[in-house]
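# Chains, contacts and geometry: an overview
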Amino acid sequence: MRISLNWLRELVEIKLSPEDLAETLTMAGFEVEEIEDRRTWANGVVIGKVLERQPHPNADKLSVCQVDIGADEILNIVCGAANVKADIYVPVATTGTYLPNIDLKIKPAKLRGVPSQGMICSLKELGLPTDVDGIHIFTQENLPLGSDVRPLLGLDDVILDLTATANRADALSMVGVAREVAALTGGKLSIPEPGEVSITKSTGNLALKIADTQACPAYIGTVIEQVKIAPSPEWLQQRLRAAGVRPISNVVDITNYVLLEWGQPLHAFDRDRLQSIASGENLTIGVRFANNGESFKTLDGQTRTLSTQNLLITANDKPVALAGVMGGEETEVHQGTQSLVLEAALFDSVAIRRSSRSAGLRSEASGRYERGVNRAELEIANRRALSLISELASEILVQQEIADTRPDPSTWSRSIALRLDRVNQILGPIESEEDTGELQKQDVERILTALGCKLTPSGEDSSHQPTWSVSVPPYRYRDLEREIDLIEEIARLYGYNKFCDTLPEKAEAGYLPLDQELVRKLRAFLRAEGLTELIHYSLVKPGEDRNIVLSNPLFVEYSALRTDLISGLIDAFQYNLEQGNGALNGFEIGQIFWQEEDGLQETEALAGIIGGDVSRQAASRLRTLGKWSKSGREEPITWFEAKGILESVFQQLSLEIEFQPDRRDERLHPGRTASLWIRGNRLGIFGQLHPQLRREKGLPDSVYVFQLDLDVLLDSLEQDEILVQTFQPYSTYPASDRDIAFFAPVKISVSEIEKVITKAGKDLLESVELFDEYRGENVPEGQRSLAFRLIYRASDRTLTEAEVEPVHNKVREALVEKFGVNLRS
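## A closer look at the nonpolar core
- If you look at the biggest cluster of nonpolar residues, it comprises 118 residues, and the most contacted ones within it are Leu 8, Ile 313, Phe 347, Leu 418 and Leu 448.
- No other element matches the 8 residues that helix α4 (residues 174-185) contributes to this core.
- Those residues in contact with Ile 313 that lie beyond four places of it in its chain are Tyr 219, Phe 269, Ile 285, Gly 286, Val 287, Lys 318, Pro 319, Val 320, Ala 321, Ala 323, Glu 343 and Phe 347.
- Ile 645, Leu 653, Phe 686 and Leu 714 belong to the second largest nonpolar core, which has 35 residues in total.

Below, the structure written as structure tokens:
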């Protein structure tokens, strides 16, 4: 909001300079974004009178003027304005004057051979808006020649561009800012109190009909006759221009003036036009919500189609204005207006916000209603407007109708309990001349009284500190609700910079919680394996088993919570293929949700998808000849390659994971799916997509997915032997390797065989590796040939044949005894 200091000085005593006042307001939470010092715009410009005007001898469009500025010498000035003539008072920029708005310094000059000793100015050259094309001509008579023009043009003013916080609706008015300045500086308030206005007749044809009293708790309609529409006086126009408002006519300017002064929006209707729209002898002003598809034209000339969210002002139920937002073009005040209906009303902030947003229209009025207009000063603003209209438009008040459903005025304030001990506990110590101290009782009482609060002592608390019952003024009712609000006001007005800084004695390095640190490592390991992290919405289409369905979804497509991450990854893989981006290898960490008999469940999961020709993708990233090396043929990733990516991550996390056959997920290949186990706990699932699903989605031959329970994984990682890794000395002695081959039933998994081998080999066995599998000719039916390489090593010596052979025989015997294998070597 633009604040004129000249106007503000009429409302409150100001002893500070504009710069100091701006600093004080900014430190108190009212940011002053700009200081517009208009005094510099016409410094050196004086009042002059054109005594004589002659055509320029060498130019058709120039005039040579003799101008008296009250000095000893008459100035000879060449002027190019078409409206210059003799016997007029004009602003004259004398030699040496600098006009910042046009970046021009006036110097003695010759124009087409004729000397010029100054410049006759237009309002545009002085920084003021105008519709006149030419120099400015003062309408007043007998002006003192040579006197400063700034008081006449309103340029002896400083404008503060002030921004109020969203909770301070009261600060969107000159009166509200004056109250704030008085509280901050101790200046005396001089807020105008409009007198009572007399109504000529007590009855008339005007009636009110408020359909929704919650949306419009109060409405005052006043009929005014014998109105004379004319330009506003200069003082009123100057104040509106200073606030950034364009003057229109006396009646409209008065409503804008009261809006700026009291923060109460008003609207003036042309009564005859209202009567014409109403189509009847009686005129009923109504307030109701619009019907769908209803339309009317607003003051900006646009025809607006309305919805049920738009609040309307009606004349005999026909729309004439968007309540609290903008009036209608068909009922606006014009030059021929002879009678008015002046509206002063309160509208619900939520209703106006919805109406304004629905119409795509904002105004000065709607901005104030949305924040909240002071309901206690409605009548004051209305009387102020009527008194100004009576003074400037020569009217007769015929009738006034009031519809008021506001609560009792005793409820327009509230009482809040305040404790001095709590004030100092929240705000901390203050700086004093010698040492630190605390806010005292008199400080609190002085500050809150300056804000307009009334304090009543209510005794002492348990620590023998005084307490008060604080009565909040009606204009601060919306933002002072609790004790903490009062404490904030005390800090704001006392000065945030006067409180002591309290810093930690010793800085400590920050750290992440263990689970977050582990998740970061996990992400890094997955990225190192070539997987891209993906993020999907938690909302999906309904229909899955154990779905949790939302009761208020935004869209049907997003009306349920996901039960796993795999479905989203499959869809993402398909989408990337269809967009020509190739196979998608990625992972996602996110929440999944499902329903159980005992209620709703939620956990965090890790899932991934792997497919396509991994070696070719790697070659492409490295810019090598990946396509040439395989003659352009795609080689889908194998089960072991995909499983190896997971095993590599687990190995870096020092986890031992067991893979067991699994057939429970119908989306996965029944013979190429494994459940993952860690220390007897189910960790998740890994497998190849089912061929039928793969064909339906149009995916490559081999696509693998996995999903892990992140909580189980993190619990396993939090084991001491993993978190605190100990150094394992390596052996400097050579190893002794042995191969063992046998026929084993297909139903026996390799992991089971490796467990038995490891247990039998005990301390000497360093590693076990499967290096061959064969099924076919010369292999018994239902069996397969497996070959393992066993590495034996000791840390303190070179093993001899006599040491290795007995251990190796134990391994052979354990396999025969446990699984009944048929040894080949």
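More follows now that the structure is in view.
## Notes on the sheet that holds strand β33 (residues 586-596)
- Within the open sheet, the 7 strands sit side by side as β29-β33-β34-β38-β37-β36-β35. Their pairing is mixed. Two strands bound the open sheet, and with one partner strand each, they are β29 (532-533) and β35 (658-661).
- Here strand β36 (residues 668-678) pairs with strand β37 (residues 681-689) via 7 bridges, running antiparallel. Among the inter-strand pairings, Leu 668 is bridged to a residue of β37, identified as Leu 689.
- Packed on one face of the sheet, helix α14 (residues 514-528) meets β29, β33 and β34 (599-611) and runs near 125 degrees to β33.

## Details of the environment of Ala 321
- Relative to the assigned elements, Ala 321 resides in strand β20 (residues 318-322).
- Note: C-alpha distance between Ala 321 and Phe 269 (52 residues apart in sequence) is 9.4 Å.
- Ignoring sequence-local partners within four residues, the contact set of Ala 321 consists of Phe 269, Phe 296, Leu 311, Leu 312, Ile 313, Met 326, Gly 327 and Gly 328.

## Looking at unusual backbone geometry
- Residues other than glycine seldom take positive phi values, yet Asp 87 does so here, at roughly 65 degrees.
- On the secondary structure map, Asp 87 appears in the loop between β5 (75-79) and β6 (88-94).
- With a phi angle near 50 degrees, Asp 103 is a residue other than glycine that sits in the positive phi range.
- Take Asp 103: it is sitting in the loop between β7 (98-99) and β8 (104-105).

## A few points about the layout of surface pockets
- Roughly 2000 Å³ of internal volume is contained in the largest pocket.
- As for the largest pocket, its lining consists of 48 residues, and the residues nearest its centre are Lys 643, Glu 647, Phe 659, Ser 751 and Glu 754.
- Only α18 (639-652), β35, β36, α22 (750-761) and β40 (765-774) provide two or more residues apiece to the lining of the largest pocket.
- In terms of residue count, α18 provides more of the lining of the largest pocket than any other element does, 8 residues in total.
- Looking at the lining of the largest pocket residue by residue, the classes come out as 18 nonpolar, 14 polar and 16 charged.
- As for the second largest pocket, its lining consists of 39 residues, and the residues nearest its centre are Thr 563, Asp 564, Leu 565, Arg 667 and Gln 707.

## Things to note about a nonpolar patch on the surface
- A contiguous nonpolar surface patch, about 590 Å² in accessible area, is contributed by Tyr 537, Leu 539, Leu 554, Phe 555 and Tyr 558.
- As for its placement among the helices and strands, Tyr 537 is situated in the loop between β29 and β30 (539-540).
- On the accessibility criterion, Tyr 537 (63% relative accessible area) is exposed.

## Side note on the packing of aromatic side chains
- By the definition in use, this model includes 11 aromatic pairs.
- Taking the centre distance of 4.7 Å and the plane angle of 5 degrees together, the rings of Trp 7 and Tyr 257 count as stacked. Of the two residues, Trp 7 is situated in helix α1 (residues 5-11) and Tyr 257 in helix α6 (residues 250-262); the sequence distance between them amounts to 250 residues. No difference in accessibility class separates Trp 7 from Tyr 257, as the two residues are buried.
- With a centroid separation of 5.8 Å and an interplanar angle of 15 degrees, the aromatic rings of Phe 742 and Phe 788 are classed as stacked. Placement of Phe 742 in strand β39 (residues 736-745) and of Phe 788 in strand β41 (residues 783-792) is noted, with a sequence separation of 46 residues between them. The burial state of Phe 742 is the same as that of Phe 788; both residues are buried.
- What links up through ring pairs into an aromatic cluster is the set Trp 639, Phe 659, Phe 686 and Tyr 704.
- The lysine or arginine in question, Lys 498, covers the ring of Tyr 494, its NZ or CZ lying 5.4 Å from the ring centre.

## Here we look at the environment of Ala 28
- Looking at where Ala 28 falls in the secondary structure, it is placed in the loop between α2 (18-27) and β2 (31-37).
- If we skip the residues at most four places from it in the chain, Ala 28 touches Leu 184 and Arg 492.

## Brief notes about α18
- With 14 residues, α18 should reach 20 Å at 1.5 Å per residue; the first-to-last C-alpha distance of 20 Å fits that figure.
- The positive-phi residue at the C-terminal boundary of α18 is Ser 654, with phi of around 60 degrees.

## What about the sheet that holds strand β1 (residues 2-4)?
- Ordered in space as β1-β12-β2, the 3 strands form an open sheet in which the pairing is antiparallel. Edge positions in the sheet fall to β1 and β2, since each of these pairs with one other strand and no more. Across the sheet, the mean angle separating the axes of adjacent strands is 25 degrees when strand polarity is ignored.
- Two strands pair when backbone bridges link them, and β2 and strand β12 (residues 158-163) are joined in this way by 6 bridges, in the antiparallel orientation. Bridging across to β12, Glu 31 finds its partner in Thr 163.

## Concerning the packing of helix α8 (residues 349-359) against helix α9 (residues 364-371)
- Close contact between α8 and α9 brings their axes to 7 Å; oriented N to C, the two are set at 140 degrees. Comparing the axis directions of α8 and α9 gives the class oblique. Considering the relative orientation of α8 and α9, their crossing is left-handed. Every residue of α9 that contacts α8 at Ser 349, Ile 352, Arg 353 and Ser 356 is listed here: Ser 366, Tyr 369 and Glu 370.
- Here the residues of the contact of α8 with α9 sort into 2 nonpolar, 3 polar and 2 charged.

## Here's the deal with the side chain of His 56
- Its location among the elements puts His 56 in the loop between β3 (45-55) and β4 (63-68).
- In terms of polar contacts, His 56 uses its side chain to reach the backbone amide nitrogen of Ala 59, at 3.4 Å.
- Within the structure, the side chain of His 56 is placed 2.7 Å from the backbone oxygen of Leu 111, a separation counted as a polar contact.
- Filtering out sequence-adjacent residues up to four positions away, His 56 remains in contact with Leu 62, Ser 63, Val 64, Val 78, Leu 111, Arg 112 and Val 114.

Conventions we followed
- Residues numbered from 1 in each chain as written.
- Predicted model: local features only at pLDDT ≥ 70, side-chain atom pairs only at ≥ 80, totals over all residues.
- Heavy atoms only, no water.
- Core = buried A, V, L, I, M, F, W, Y, C linked by side-chain atoms within 4.5 Å.
- Buried < 20%, exposed > 50% of the residue type's maximum accessible area, 1.4 Å probe, protein only.
- Helix = DSSP H or I, 4+ residues; strand = E, 2+ residues; numbered from the N terminus.
- Contact = heavy atoms within 4.5 Å.
- Pairing = 2+ DSSP bridges.
- Axes fitted to C-alpha atoms, helices over the stretch in contact; angles between N-to-C directions.
- 1 Å grid on protein atoms, 1.4 Å probe; cavity = no way out; pocket = protein on both sides within 12 Å on 5 of 7 lines; lining within 4 Å.
- Points joined across faces, edges and corners; volume = space filled by probe spheres on them.
- Nonpolar A, V, L, I, M, F, W, Y, C, P; charged D, E, K, R; others polar.
- Patch = residues over 30% accessible without salt bridge, like charges linked within 9 Å, V, L, I, M, F, W, Y side chains within 5 Å.
- Areas by Shrake-Rupley, 256 points an atom, 1.4 Å probe, with all protein chains shown as cover.
- Salt bridge = Lys/Arg side-chain N within 4 Å of Asp/Glu carboxyl O.
- Phe/Tyr/Trp six-rings, centres within 6.5 Å; stacked < 30°, edge-to-face > 60°.
- Lys NZ or Arg CZ within 6 Å of the ring centre and 35° of its normal.
- Expected span 1.5 Å × (residues − 1).
- Parallel < 35°, antiparallel > 145°, perpendicular 65-115°, else oblique.
- Left-handed = near helix turned anticlockwise from the far one by under 90°.
- Polar contact = N/O pair within 3.5 Å; in protein donor to acceptor, adjacent residues only side chain to side chain.

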